[in-house]
Amino acid sequence: MEQLKKAVRKSVTGRKMSDQFYVDGDVNVPDDKGDVGRIVYSQGMLRVEDMKQSGSYVRVSGRIQYQILYLAGGDDGGISVLQGKLPFEEMVYAEEEVLGMLWMKESSVELTVTIVHARKLRLRAMAELEIISQGEEEQYLTLDVEEEEGLCRRWKNVEILTLHKSCRESFRIKEKCALPKQSDPVGKVLFTDITQKRTEIRLISDALQMRGELSIFVLYESTEGKLGWTEQAVPYEGKIDCYGVDETMYYQAEPKIVDAMVDVKLDEDGELRIFEIEAVMEVCAVVYGEEQADVLEDMYSLKEQVTLEKEEIELSELVMQKACEYSMTEQIQVPELDDQVLQICHTSGKVRIEHTEIVADGIMCEGILQIGFLYIRADDAEPFEIWQGMVPFTYVAECRSAEAGMEYELQSTCGQPVVSLLGNGEAEIKPCWSFRFF
């Protein structure tokens, strides 16, 4: 008895692989920079250059890029920055077989800087990363059998979410922004911070349309030796080729900035006022189609004994694809900030999801917002200082079809938080999160 079967492709995700490791290194201060007096701010970013499976392990290699903002000691005075990278190679244990494409889902770096002496620093970076593997499998549904006399059949209509395509592509961003005319032209760039402020992805014919904003902060020294800074939202737009997709399909996508730099260019007046931004965003995307099928559920014959062999398989059905925003206002006590705070010149925020759970009519996520801001003090000897802290949050995304056992994916980004100093050791924080649920 010949069967008519239908192949159904399904996306499968391997178990998360987590690892924590340390990278140490000594840094000598270049001759063209002043002695180190006091560290103002330091940050490290993990950049993965290669991931390969090696037996029961995944070999991860790359670099930790660092920026260290410091006040020069002695007679040099002023503020300066050290930039560089610490290479690393780490073997991450895989408890299960790697299914296919490897993808770094999360990473963080906590950088500790110790002053050995005025011309030498010791760096210790604690890095955490989380890797997943994305693969696919094929299942078969019996739709019908060849027509035979006296054969009676019963079908069941099912709605199936089928895998159309999975890919990991790089999206290059090249944009420009200019200093305001009233600002002094740039003499030397001291410190930069480029973050992913907002990203919208939409399926169009044969492509993923990318649209969003980067938050650009540049601290610089003017041609007259004065300190200046600018913080701007720089929009970008483009597309990634993804042949075969269209507007009727659904997708999961995780965009991450993996490299970014700022260069200063001359404007039409011959002054250094143009910032040229180049960034590389890596996008891991899985595209699905939705279709209906009449699956053969049962049959019998009026002439012969029919014995059926049945197999239970799991099919995916789309419950929700939703993008939403959540904002809050929180007042916190910051007694360590004295009355010498003149101006906040840069804020940053990063969301860390600690727990997610399906609740009645929705998905609850709990986490913390890691927030920091660079501010100017009324002290010419030590003009810059940074404050860092954490704010807990709880958010429930509405989903009336939510039920226990449902699989879901969650991505979150934080827009630039607004920080206002209220006086008397209080500050008001207004962050805004973007969530995407699948």
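What counts as what
- Residues numbered from 1 in each chain as written.
- Predicted model: local features only at pLDDT ≥ 70, side-chain atom pairs only at ≥ 80, totals over all residues.
- Heavy atoms only, no water.
- Helix = DSSP H or I, 4+ residues; strand = E, 2+ residues; numbered from the N terminus.
- Buried < 20%, exposed > 50% of the residue type's maximum accessible area, 1.4 Å probe, protein only.
- Polar contact = N/O pair within 3.5 Å; in protein donor to acceptor, adjacent residues only side chain to side chain.
- Contact = heavy atoms within 4.5 Å.
- 1 Å grid on protein atoms, 1.4 Å probe; cavity = no way out; pocket = protein on both sides within 12 Å on 5 of 7 lines; lining within 4 Å.
- Points joined across faces, edges and corners; volume = space filled by probe spheres on them.
- Nonpolar A, V, L, I, M, F, W, Y, C, P; charged D, E, K, R; others polar.
- Salt bridge = Lys/Arg side-chain N within 4 Å of Asp/Glu carboxyl O.
- Pairing = 2+ DSSP bridges.
- Axes fitted to C-alpha atoms, helices over the stretch in contact; angles between N-to-C directions.

1. Some remarks on the side chain of glutamine 252
Summarising the element assignment, glutamine 252 is placed in strand S12 (residues 250–266). For glutamine 252, a relative accessible area of 14% translates into the label buried. In this structure the side chain of glutamine 252 is engaged in a polar contact, spanning 2.8 Å, whose partner is the side chain of tyrosine 288. Sequence-distant contacts of glutamine 252, defined by excluding residues within four places in its chain, comprise Cys284, Ala285, Val286, Tyr288, Glu409 and Phe438.

2. Considering the layout of surface pockets
By volume, the second largest pocket is sized at about 1100 Å³. Lining the second largest pocket are 40 residues, with Ser316, Met406, Glu407, Tyr408 and Phe438 positioned closest to its centre. Elements supplying a minimum of two residues to the lining of the second largest pocket: strand S1 (3–13), strand S6 (101–117), strand S7 (120–145), strand S8 (151–178), S12 and strand S13 (272–301). Here the lining of the second largest pocket is built from residues that sort into 20 nonpolar, nine polar and eleven charged.

3. A few points about unusual backbone geometry
Although it is not a glycine, aspartate 206 sits at a positive phi angle of roughly 65°. Structurally, the position occupied by aspartate 206 is in the loop between strand S9 (186–204) and strand S10 (207–222). A positive phi angle, close to 60°, is found at aspartate 361, a residue other than glycine. Take aspartate 361: it is sitting in the loop between strand S16 (341–359) and strand S17 (362–377). Judged by its relative accessible area of 40%, aspartate 361 is partly exposed.

4. Overview of the pattern of salt bridges
This structure, assessed with the given rule, holds 31 salt bridges. Lysine 120 is the salt-bridge partner of aspartate 26, the closest N and O atoms lying 3.8 Å from each other. Of this pair, aspartate 26 sits in strand S2 (residues 17–28) while lysine 120 sits in strand S7; the two residues are 94 residues apart in sequence, bridging distant segments of the chain. Overall, lysine 120 belongs to the partly exposed group, its relative accessible area being 23%. Measuring nitrogen to oxygen at the nearest pair gives 3.1 Å for the salt bridge that ties glutamate 385 to arginine 38. Taken together, the residues glutamate 385 in strand S18 (residues 384–398) and arginine 38 in strand S3 (residues 36–54) connect sequence positions 347 residues apart. Here the salt bridges share partners, and the residues they tie into one network are Lys197, Arg198, Glu200 and Glu213.

5. Topic: the sheet that holds S16
Taken in spatial order, the three strands make up an open sheet running S16-S17-S18, and their pairing is antiparallel. Each of the sheet's edge strands pairs with one partner strand only, and the pair in question is S16 and S18. Each adjacent strand pair in this sheet contributes to an overall mean axis angle of 15°, direction not counted. In the sheet, S16 pairs with S17 via 16 bridges, with the strands oriented antiparallel. Across the sheet, residue valine 351 finds its bridge partner in S17, namely leucine 369.

Read these as geometric descriptors, not functional statements.
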